[in-house]
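# Geometric and topological summary
Chain residues, written in single-letter form:
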Amino acid sequence: GIQVEQSPPDLILQEGANSTLRCNFSDSVNNLQWFHQNPWGQLINLFYIPSGTKQNGRLSATTVATERYSLLYISSSQTTDSGVYFCAVAGGNEKLTFGTGTRLTIIP
Amino acid sequence: NAGVTQTPKFRVLKTGQSMTLLCAQDMNHEYMYWYRQDPGMGLRLIHYSVGEGTTAKGEVPDGYNVSRLKKQNFLLGLESAAPSQTSVYFCASTNAGGSYEQYFGPGTRLTVT
């Protein structure tokens, strides 16, 4: 199956800093999603982005499908951005394979 | 519009006991999924369903059974619980033919002693 690697595993930043999270995958994909798991465990879908670039407020994501990676950008970090960010991919559209996540801690 | 809900939120079982976790969604989604999340790991797919009356195995199906008798509900059963099934269980749903964004329930924390 498809392998998903996320980096870095942990990231600690001051409030207001910018960050870039990376997701590498081992095969071509039709489906790529980014999720945020908040400190209370809730998983929120941030982006569905199998290719191209999308932006939503302070967050943006870019997927370069031909080079098998995706980047999640967080600008002007806030403490509410803390949590674990997961990348998940699928070769078809039915079954996602999740990476092990990047744990982001924003210090006030 | 409640989205995806899970029942119960917490449960403690003794080894060998059985239980059923219920997932319900009110978004008329075709696909539904059950995942487990263990410390330091991402989510792993247990079983999934692409429509009412259909189910399929995911990455870690052993020890679990599922049923999708109604489109809005997806049940996960543990027939004989084992300590290795201590985990947080998440249900998700998505709309086939759309953007395939998965929407998650709040999770069920299960401890097997």
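Our subject in this report is the structure included herewith. (Residues numbered from 1 in each chain as written. Chains lettered and ligands numbered in written order. Predicted model: local features only at pLDDT ≥ 70, side-chain atom pairs only at ≥ 80, totals over all residues. Heavy atoms only, no water.)

## Details of the state of the cysteines
Put simply, the test is: Cysteine sulfur atoms are paired as a disulfide whenever they fall within 2.5 Å. Counting from the N terminus, the helices are the DSSP runs of H or I reaching at least four residues and the strands are the DSSP runs of E reaching at least two. A simple rule labels every residue: compare its accessible area, found with a 1.4 Å probe on the protein chains alone, to the largest value its type can have, and call it buried under 20%, exposed over 50%, or partly exposed in between.
Enumeration according to the criterion identifies 2 disulfides over all chains in this entry. Note that Cys-23 of chain A is cross-linked by a disulfide to Cys-87 of chain A, the S-S spacing being 2.0 Å. Note on the Cys-23 of chain A and Cys-87 of chain A pair: the S-S dihedral is about -60°, so by sign convention the disulfide is left-handed. Note that Cys-23 of chain A is positioned in strand 3 (residues 19–25) and Cys-87 of chain A in strand 9 (residues 83–90), a separation of 64 residues in sequence. Classification of Cys-23 of chain A as buried rests on a relative accessible area of 0%. Looking at Cys-87 of chain A, the relative accessible area reads 0%, which means it is buried. Here Cys-23 of chain B engages in a disulfide with Cys-91 of chain B; their sulfurs sit 1.8 Å apart. Across the S-S bond of Cys-23 of chain B and Cys-91 of chain B the torsion is about -75°, and the bridge reads as left-handed. Here Cys-23 of chain B is found in strand 3 (residues 19–25), whereas its partner Cys-91 of chain B is found in strand 9 (residues 87–94), with 68 residues between them in sequence.

## Examining the side chain of Ser-70 of chain A
All names here are of chain A. Heads up, the condition is: Residues adjacent in sequence count toward polar contacts only when both atoms are side-chain atoms; beyond that, a polar contact is any pair of N or O atoms within 3.5 Å, and within protein one must be able to donate a hydrogen and the other to accept it. Throughout, a residue-residue contact means that at least one pair of heavy atoms, one from each residue, lies within 4.5 Å.
One can find Ser-70 in strand 8 (residues 69–74). There is a polar contact of 3.1 Å between the side chain of Ser-70 and the backbone oxygen of Thr-62. Discounting residues that sit within four places of it in the chain, Ser-70 has contacts with Leu-21, Arg-22, Cys-23, Phe-25, Leu-32, Trp-34, Thr-62 and Thr-63.

## Focus: the pattern of salt bridges
Cut-off, in case you're wondering: Whenever a carboxyl oxygen of Asp or Glu lies within 4 Å of a side-chain nitrogen of Lys or Arg, that contact is scored as a salt bridge.
Inspection of the entire model under this criterion finds 4 salt bridges over all chains. The closest approach of N and O atoms between Asp-81 of chain A and Arg-58 of chain A, which form a salt bridge, is 2.9 Å. Residue Asp-81 of chain A is found in the loop between strand 8 and strand 9, and its partner Arg-58 of chain A is found in the loop between strand 6 (52–56) and strand 7 (59–64); the two are separated by 23 residues along the sequence. Take Arg-58 of chain A: its relative accessible area is 25%, and that puts it in the partly exposed class. Between Glu-30 of chain B and Lys-71 of chain B there is a salt bridge, with its nearest N and O atoms 3.0 Å apart. Here Glu-30 of chain B is found in the loop between strand 3 and strand 4 (31–37), whereas its partner Lys-71 of chain B is found in the loop between strand 7 (65–67) and strand 8 (73–78), with 41 residues between them in sequence. Classification of Glu-30 of chain B by relative accessible area gives partly exposed; the value is 29%. Connected through salt bridges with shared partners, the residues Arg-36, Asp-38 and Arg-44 of chain B form a single ionic network.

## Comments concerning the nonpolar core
Put simply, the test is: Nonpolar cores are built from buried Ala, Val, Leu, Ile, Met, Phe, Trp, Tyr and Cys residues. Side-chain atoms within 4.5 Å join them into one set.
If you look at the biggest cluster of nonpolar residues, it comprises 22 residues, and the most contacted ones within it are Trp-34, Leu-72 and Val-89 of chain A. Elements supplying a minimum of two residues to this core: strand 2 (10–14), strand 3, strand 4 (31–37), strand 5 (43–48), strand 7, strand 8, strand 9 and strand 11 (102–107) of chain A. By size, the runner-up hydrophobic cluster in this structure holds 20 residues, among which are Phe-35, Ala-90 and Phe-98 of chain A together with Phe-104 of chain B.

## Thoughts on the interface of chain A and chain B
How we decide: Accessible-area loss on putting two parts together, using a 1.4 Å probe and summing over both, is the definition of buried area adopted here.
On the chain B side, the residues contacting the 17 residues of chain A number 19 residues. Note on chain A versus chain B: buried area summed over both sides is about 1600 Å², and carbon and sulfur give 56% of it. Broken down residue by residue, the surface that chain A buries against chain B is led by Leu-43, Glu-94 and Phe-98 of chain A, which jointly contribute 33%. Summed over the shared surface of chain A and chain B, the number is 0 salt bridges.

## Quick look at the sheet that holds strand 8 of chain B
Residue and element names in this part refer to chain B. Heads up, the rule is: Should DSSP find at least two bridges between two strands, the strands are regarded as paired. Note on geometry: axes are C-alpha line fits, over the in-contact stretch for helices, and angles between N-to-C directions span 0 to 180 degrees.
The antiparallel open sheet is built from 4 strands, whose spatial order is 1-3-8-7. The sheet is open, and its two edges are formed by strand 1 (4–7) and strand 7, each paired on a single side. Sheet twist, expressed as the mean angle between neighbouring strand axes with direction ignored, is 20°. Where strand 7 and strand 8 come together, 3 bridges link them in antiparallel fashion. Paired with Ser-67 across the strands is Leu-75, a residue of strand 8.

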